[in-house]
Every structure is written in C-alpha cells, then in structure tokens.
Amino acid sequence: MTLFMGNNLYTHPYKHLRGARTVFCALVCVVLCIALVAPKQALADLYTVEGVEVDVTAKNALEAREKAFNEAQVKAYKMLSERLVNSGEQDAVKELDTESISYMVQDFEVTKEQLSAKRYKGTYTIRFRPDSFRQQVIQQGQSYSDIPRGAVLVLPFYQTGSNTILWDNTNPFLSAWSRSREINGQIASTVVPIGDIEDVSQINEFSPLNYDPVKLERMRDRYGANEVSIILASPEVSITGISNVRLSLYHAKIRGPEFSGQMIVQGQAGETSAQLYDRVVSKIKQRYKSDWKQETSVASMDTQSFQAVMNFTSVREWIDAKQKLERVPGMASVIVNRLTPREASMSLNYHGDAQRLNTALGRSGLMLGQAGNGYQPVYRILRAMPQYQQPAPQVNAPNNQTPYNNPYNRSYYQ
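This structure is a prediction, so every number in the text was calculated from the model and none was measured.

Visitor: Sorry, what's going on with the packing of helix α6 (residues 172-179) against helix α9 (residues 273-296) here?
Guide: Think of two packed helices as two axes; the pair is described by the angle between the axes and how far apart they sit. Here α6 crosses α9 at 65°, and the two axes come no closer than 9 Å. Comparing their axes, α9 and α6 come out roughly perpendicular. You can see that α6 and α9 cross each other, and the crossing is right-handed. Every residue of α9 that contacts α6 at Pro172, Phe173, Ala176, Trp177 and Arg179 is listed here: Ser273, Ala274, Tyr277, Asp278, Val280, Val281, Ile284 and Lys285.

Visitor: Please clarify how helix α5 (residues 130-139) should be interpreted in this entry.
Guide: Residues lying three or four places apart along an α-helix face the same way, a consequence of the helix completing one turn every 3.6 residues. When you tally the buried positions in α5, you get seven out of 10 residues, the bulk of the element. For α5, every residue scored as buried is listed here: Pro130, Ser132, Phe133, Arg134, Gln136, Val137 and Ile138. Of the residues flanking the end of α5, it is glycine 141, one or two places downstream, whose phi is positive at about 85°.

Visitor: Got a minute to help me understand the pattern of salt bridges in this structure?
Guide: Side chains that carry opposite charge are capable of pairing whenever their charged atoms lie near each other. Taken as a whole and assessed by the stated rule, the structure comprises 19 salt bridges. Note that aspartate 146 and arginine 134 form a salt bridge whose closest N and O atoms lie 2.9 Å from each other. Linking aspartate 146 in the loop between α5 and β4 (152-160) with arginine 134 in helix α5, this pair joins segments that are 12 residues apart in sequence. The salt bridge partner of glutamate 198 is arginine 222, with a shortest N-O separation of 3.7 Å.

Visitor: Is there a simple way to explain the packing of aromatic side chains in this structure?
Guide: For the structure on display, the rule yields 11 aromatic pairs. Ring plane angle 35° and centroid distance 4.4 Å describe the contact between phenylalanine 69 and phenylalanine 108, whose orientation is recorded as tilted. One end of the pair, phenylalanine 69, is in helix α3 (residues 61-84); the other, phenylalanine 108, is in strand β2 (residues 105-115), with 39 residues separating them in the sequence. The class for phenylalanine 108 is partly exposed, based on a relative accessible area of 40%.

Visitor: Sorry, what's going on with the sheet that holds strand β1 (residues 48-57) here?
Guide: Sheets are built from strands that pair by backbone hydrogen bonding, the pairs being arranged parallel or antiparallel. One open sheet holds the three strands; their spatial order is β1-β3-β2, and the pairing between them is antiparallel. Here the strands that pair on one side only, and so sit at the sheet edges, are β1 and β2. Within this sheet the neighbouring strands show an average axis-to-axis angle of 25°, counted without direction. Relative to strand β3 (residues 119-128), β1 is paired through eight bridges, and the arrangement is antiparallel. Considered in β3, the bridge of threonine 48 is made with arginine 127. Taken strand by strand, α3 contacts β1, β2 and β3, and its axis lies near 140° from that of β1.

Visitor: I would appreciate a short explanation of the pairing of strand β11 (residues 331-339) in the present structure.
Guide: Working note: regular strand, side chains alternate between the two faces of the sheet. Pairing between β11 and strand β12 (residues 343-350): seven bridges, direction antiparallel. Directly across from isoleucine 335, in β12, lies its bridge partner serine 347. What sits between the antiparallel neighbours β11 and β12 is a turn of three residues.

Visitor: Please clarify how α9 should be interpreted in this entry.
Guide: End to end, α9 covers 35 Å across 24 residues, agreeing with the expected 34 Å (1.5 Å per residue, within 8%). Leu276, Tyr277, Val280, Val281, Ile284, Lys285, Tyr288, Trp292, Lys293 and Thr296 are the residues of α9 that are buried.

Visitor: I tried to follow the confidence of the model for the chain on my own but got confused; where do I start?
Guide: Close inspection of predicted coordinates is inappropriate for parts of the model with low pLDDT. In this model, the chain carries an average pLDDT of 78, and 79% of its residues clear a pLDDT of 70 or more. This stretch, residues 1-39, has a pLDDT under 50; its non-local contacts, to residues over four places away or in other chains, come to 53 contacts. Below pLDDT 50 for its whole length, residues 387-414 participates in 59 contacts with residues either more than four positions away or in separate chains.

Reading guide: rules and limits
Residues numbered from 1 in each chain as written. Predicted model: local features only at pLDDT ≥ 70, side-chain atom pairs only at ≥ 80, totals over all residues. Heavy atoms only, no water. Axes fitted to C-alpha atoms, helices over the stretch in contact; angles between N-to-C directions. Helix = DSSP H or I, 4+ residues; strand = E, 2+ residues; numbered from the N terminus. Parallel < 35°, antiparallel > 145°, perpendicular 65-115°, else oblique. Left-handed = near helix turned anticlockwise from the far one by under 90°. Contact = heavy atoms within 4.5 Å. Buried < 20%, exposed > 50% of the residue type's maximum accessible area, 1.4 Å probe, protein only. Salt bridge = Lys/Arg side-chain N within 4 Å of Asp/Glu carboxyl O. Phe/Tyr/Trp six-rings, centres within 6.5 Å; stacked < 30°, edge-to-face > 60°. Pairing = 2+ DSSP bridges. Expected span 1.5 Å × (residues − 1). pLDDT = per-residue confidence, 0-100.

Printed below as a string of structure tokens:
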C-alpha cells in the first residue's frame, strides 16, 4: 500500500473561491439528486436468484400455487447460501421455515408457469434483502462473501508431452469451457475467448507461459475480465486404465505467469472424454469460487469507520466516484465530512477490515493509499492504474529463460 505523507489534509484556504464554491455546491446538489436514483445493480444481482423451478401438486390450483411459492423461497435461500456462504461452512447452514425466509425476500417475479386443476409448475426469480440475509448468516455463526470477483479470462491449453494446443478444434478442454454456462449473480465468473483471428494473433498456443503482456492485456480488456488464468490440462492414464487429467494453474501477471496450484481430476468408469472434461471445468469453477470466498469472507455485521480523502477534477468525476463507493459490496454508508471543489473528506462505514475494503474497491477500479498516520489513519482513495500502463519487463525477450515458478522445470515451459 502506498504511503502518502504531508501537511494537514483538512486545511485548504480558498476564500478567494467563495463564489466558485457556491456554484460548485449547487452543481453537486443537482447531480446528486440525479445520481441517487441509480440502483446498486451489482449488489442486487448478487442477491438475486434466478431460475428457481418448482413443481407442486395439491388439492386445488390455489393451494398448489401457494405451496409452490413457499417451496421456491426455501429453494432460493439454499441456492443463495451456496453462492455466498463460505464453502467449508455450507453444511452448517440451518434450514429455515418459510416465514423466516419470507422476511428476507425483497420481491419476486414468476418468469414461467403452468397451471392445472391440482398441479402448479413455475419458475421464479427471487430477490433477497442483503442486510437481512447477512444478519441471518452471522447469527448462525457462519461467514459470507458478497464481493464479486469479476470475470476471469481462462486460457485452457491442452498438453500432451511437450506439445500444447489452444485454438485447435481437437482441444477437448476448450470445448468443455465453451459448453459451460454462467449463472447470473455468481461470486466468481469465467469467460473463454472465442478464438477468432484477433485472439489467435494475441496468444501463441505453442508457448503458453511465454506471452506478450501488452497483447494479453488487450485480450483481457476485450473480454471485460479482471484477470487472466492460464490452465494446462495434461491427460494421464492410471494403472487401472482410467483417464485422469492433471491441471496446472497460473495467474497471468504483467511480469510473467505465477504458479497458483495443481489439481488432479480422476476419471470414472464408462465416462466419455466430453463428460470428463465437463467435470474438470466444474471443479475449476468450484475452486475459483471457494478460494475467492475464503479470501474475502467476513463473519460480523459490525462496521468499521475509515477516514478517507479523495481528489477529483470535476463535479461529474466526484459524483461518479461517490456512486462507486456507495455501491461497493459491504459499504454501509459514505458520509461526506468536508467538500471542496477539488477534494472530499469522508467517513467510510464498512463491514470488514481495510484489506477486504481494498479488495472490494479494486472491483470498482479504486484502491486505498494511506495518506497519514495518527490516532486514526487517514486513507487516500486512488484510481487503480491498469496493469498494462505499469512498467514491466518484456517477458518474451529472446534471452529470458526464467522458468516462472514452474514446479516441473520443463524446458518447454520457458
């Protein structure tokens, strides 16, 4: 975290700008009135459960519909718990009655329904109240995470011996990712490149860990991803003759790939290659979600107050920044203590510590920088610099033979 030292941050004489101040404050009021109607869409999506299907039979249609709605709420609560509650604690989540769950429901809609004399089939979208759900989880002694990771761009390489392929249509790993489906509101989502001419020109499929960082950043930006993951899938045959898949995972950093782990997915008797790689993709997605929830989880509804300052150059820039801060997952409130035409001092009341806050800010293109020490530190809100704008060595230089944390130290990883 960058440390900023300086004089009193709250002393900024500008009497000669009194007239400009009046105009500035008026503009802020007008723009704020417009901005306040903007919904916290990202957080709403995370607490929205879509595709809740129920099929109920009862004495009559009216009773079947009522019973179906109750079942849909219970099912949606379980689905939301799986999404947000820490993976190792999901088995401990208590079953709740319909009345308790209904208290947490903000609204719902029926997207599809079929009704007969005694049977009701319906598909629901149910939106939960974030604070009510969080409070229920905390009361049960569990922890939750509601900071979306943002999309991960996955580059799924298929490796046999010293050969790797990516774009070839014989790559079963890429085909499995293309078949996988993302669900709205996931805590960690993934995206795979379509493999058109532009993609092929960015990545050399025969040297997966020796990439051009500028080209990789262009691809990441093209797909709207927050990060890039390189995965090498190597098929193996066990002594029983069943095919397994060994996976080596790397974070594609601007300064070179960073090894993040390895896993083996064992094949099952009678399983086709497509079925095996579909399970491989599912296991990787589960790992992404579990790791991210573990990193960003919180187990308390208590808020911490962080004093912060932020500089800006225009009213619109300030309003956009304030909207981003208010939409940060876990942000209870943003209280403006002092506002000038170029700087705002604020109290950020947040569910979690500074590290979690910094992680959440990063999803909005912001970051914390410590502005000064004292009884209560004052942080400066900064705009995160895109990776491709940061100075970095060219990782694919001819003389660069760095193995990049390769656990096998194989030459074709270099």
